[in-house]
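# Tertiary structure, described
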Amino acid sequence: MSDEIHGLAQWTARLNNAELPAMAVVVHDLLRLSQSQTASVRQLAEVLLRDASLTSKVLRVSNSVYCNPGREVIKTISRAVVVIGFDQVRMIGLSVSLLDGLLKDSPREQLQSLLASSFHGAMQARNLANYRALAKKEEIFIATLLRHLGEMAFWCHGGKQADQLADALAVPGVDRDKTVKRVVGASFDQLTFGLLKTWNMGEIGQLVKASHTSSGPAARAVTLGSSIAEAAREGWASEAMQALLDPVAELTGTTPEEAMQQILASTDEAIRVAGTCSNADLAAWIPRTDDLPLDLSELLQMDAVPAQSARSAVQEPLLQPNLEMLKLSVQNMVLMSKSPINVENTLNGVINGLHLGAGLERVMLAVLADNQTRFRARRVAGKGTQGWTQDFDLPCGSAQPHIFSYTLENNEVLWMGTPATSTLLDLVTPDIAGWLGNGPFFIAPVIAGNRRIGVLYGDMRLSGRALSSAQFSAFKRLTDLTGSCLQALSRRG
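Presented here is a report on the structure given in the accompanying data block.

## Things to note about the overall build of the protein chain
Looking only at helices and strands, one finds 24 helices and 6 strands in the protein chain. Restricting the contact set of the protein chain to residue pairs at least 6 apart, pairs at least 24 apart contribute 66%. Accessible surface for the protein chain amounts to roughly 22000 Å². Of this, 50% is attributable to carbon and sulfur atoms.

Rendered as structure tokens:
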């Protein structure tokens, strides 16, 4: 037993002699870029290009259907930034570095399970931060992912003592904390804080500590993200999950049912991303949502809303994203932006891409008409939208401000119904709500060069399912391509 390691100092030294600190350097440098107001593509590329294996994996993930639904070929980091965005490439680098660093050697079951749960929690926390419009999304993501770093590092490099602890914890009724302290000589939380400190990741360590005690928004996002992942392993209808719905709803300013929809959407996203970012089958360890009913009232132990009951009664298949259709639409529009055909082909491309490809249940292109004094629906898709082409008629001008005019005048792509856009809710006028209903939606300006064309709109009102980040990315991409295609047509004359 003389070669056994015991106590915080010895374990910190042992783990710092492993390859984990090299991973920490990359993570630290990528986080530093997230905090800089002047970070450049060159600086990001320099960090990622230090490790050929990391670069290769970042490019592989960047070319995946999830990150790059249009499947535009990406061969360099700089091209990845152009196609999928600076923040997305940096987040991919962070995820791949951490997952590969911890899963490098043959991982034991405890490590894979814990890392999958940590990654799931990190995706939940990041999306909560997005929904609340918190500034430090990357820090929240990493703090949640590393909240159990001490335990993950122990299972990764603990050797025979990891086997000893696994056997001890398998005994029914054992006190987990006392057993860990006896075998390791320190708690896993102490080991987490010690490693983060020696890795010069003090700000992340402070956020991890705050997540155990503080009620601030960033700390709450970390705590709730981690708790959601742990509760999911007990079941979506478990008491642990039920107890989280009100706190999540309070943080995001939504109802408990909307909070549950958002949690399930984030889980689906975590499964897709985990399968892309890691060589190990981490996605298999994340609880799936496939078999859950559309009507969540029974699951949530609350009365059904009439609209939900109606949805359940009509047994129609739900529209699902079709990534091949989305890929084809993006590719065709890229070609049309270079070799324009006609307006109808362009409009067909964007509407089909958003509706049948991205899976948005209702889509509308509203164009400026009558000498640019009104918005009128030019093209629509989705059940119940055909009436919009005759009825939707919205004045355009400063005398009657509304969200359509605001979006076009300010050239902003918006995800309405989130805290980030809460100050704009008054611009959703009674007339607009009368036509489109209430709830979250995407809206974006269509601009060809310097010429304002109109506005694209999309929502998921028919089923009430949550909009997703992947759908928003596709919405923004197809909006940009619509403007490019129309500009190309105007140049052709």
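## Observations concerning the sheet that holds strand S2 (residues 374-381)
Reading across the sheet, the 6 strands line up as S3-S2-S1-S6-S5-S4 and stay open at both edges, with antiparallel pairing between neighbours. Two strands lie at the open edges of the sheet, namely strand S3 (393-395) and strand S4 (414-416), each paired on one side alone. Across this sheet, the average inter-strand angle for adjacent strands is 25°, counted without regard to direction. When strand S5 (residues 441-448) meets strand S6 (residues 451-459), the two strands line up antiparallel, connected through 7 bridges. Its bridge partner being in S6, Phe 442 is matched across the sheet by Gly 458. Along the sheet face, helix H20 (residues 343-357) touches strand S1 (362-369), S2 and S6 and points at about 65° away from the line of S2. Where helix H22 (residues 403-410) meets the sheet, its contacts fall on S1, S2, S3, S4, S5 and S6, and the angle it forms with S5 comes to roughly 45°.

## Re the packing of aromatic side chains
One pass over the full model with this rule turns up 13 aromatic pairs. Considering the side-chain rings of Phe 442 and Phe 475, the 5.3 Å spacing of their centres and the 45° angle between planes classify their relative orientation as tilted. Placement of the pair is Phe 442 in strand S5 and Phe 475 in helix H24 (residues 469-492), with a sequence separation of 33 residues. Taken together, the ring pairs in this structure connect Trp 11, Phe 154, Trp 155 and Phe 188 into an aromatic cluster. One cation-aromatic arrangement involves Lys 209 over Phe 193; the distance from NZ or CZ to the ring centre is 5.2 Å.

## With respect to the pattern of salt bridges
Tallied over the entire structure, the rule returns 14 salt bridges. A salt bridge links Glu 344 to Arg 379; the shortest N-O distance between them is 2.2 Å. You can see Glu 344 sitting in helix H20 and its partner Arg 379 sitting in strand S2, a full 35 residues away along the chain. Residue Glu 344 is classed as partly exposed on the basis of its relative accessible area of 35%. A salt bridge links Asp 370 to Arg 376, with the shortest nitrogen-to-oxygen separation between them at 2.8 Å.

## Considerations on unusual backbone geometry
A negative phi holds for most residues other than glycine; trans holds for most peptide bonds. In this model, Asn 371 sits at a positive phi of 60°, which is unusual for a non-glycine residue. By secondary structure assignment, the location of Asn 371 is in the loop between S1 and S2. Backbone geometry at Asn 411 places phi at a positive 50°, although glycine is not the residue there. Of note, Asn 411 is situated in the loop between H22 and S4. Among the residues examined, Asn 411 registers a relative accessible area of 51% and is labelled exposed.

## Things to note about empty space enclosed by the protein
Applying the stated criterion across every chain, the model contains 1 cavity of 30 Å³ or more. Space inside the largest cavity adds up to approximately 40 Å³. Elements with a contribution of two residues or more to the lining of the largest cavity: helix H7 (109-132), helix H15 (239-252) and helix H16 (256-277). Residues of the lining of the largest cavity, tallied by class, amount to 4 nonpolar, 3 polar and 1 charged.

Calculation notes
Residues numbered from 1 in each chain as written. Predicted model: local features only at pLDDT ≥ 70, side-chain atom pairs only at ≥ 80, totals over all residues. Heavy atoms only, no water. Helix = DSSP H or I, 4+ residues; strand = E, 2+ residues; numbered from the N terminus. Contact = heavy atoms within 4.5 Å. Areas by Shrake-Rupley, 256 points an atom, 1.4 Å probe, with all protein chains shown as cover. Pairing = 2+ DSSP bridges. Axes fitted to C-alpha atoms, helices over the stretch in contact; angles between N-to-C directions. Phe/Tyr/Trp six-rings, centres within 6.5 Å; stacked < 30°, edge-to-face > 60°. Lys NZ or Arg CZ within 6 Å of the ring centre and 35° of its normal. Salt bridge = Lys/Arg side-chain N within 4 Å of Asp/Glu carboxyl O. Buried < 20%, exposed > 50% of the residue type's maximum accessible area, 1.4 Å probe, protein only. 1 Å grid on protein atoms, 1.4 Å probe; cavity = no way out; pocket = protein on both sides within 12 Å on 5 of 7 lines; lining within 4 Å. Points joined across faces, edges and corners; volume = space filled by probe spheres on them. Nonpolar A, V, L, I, M, F, W, Y, C, P; charged D, E, K, R; others polar.

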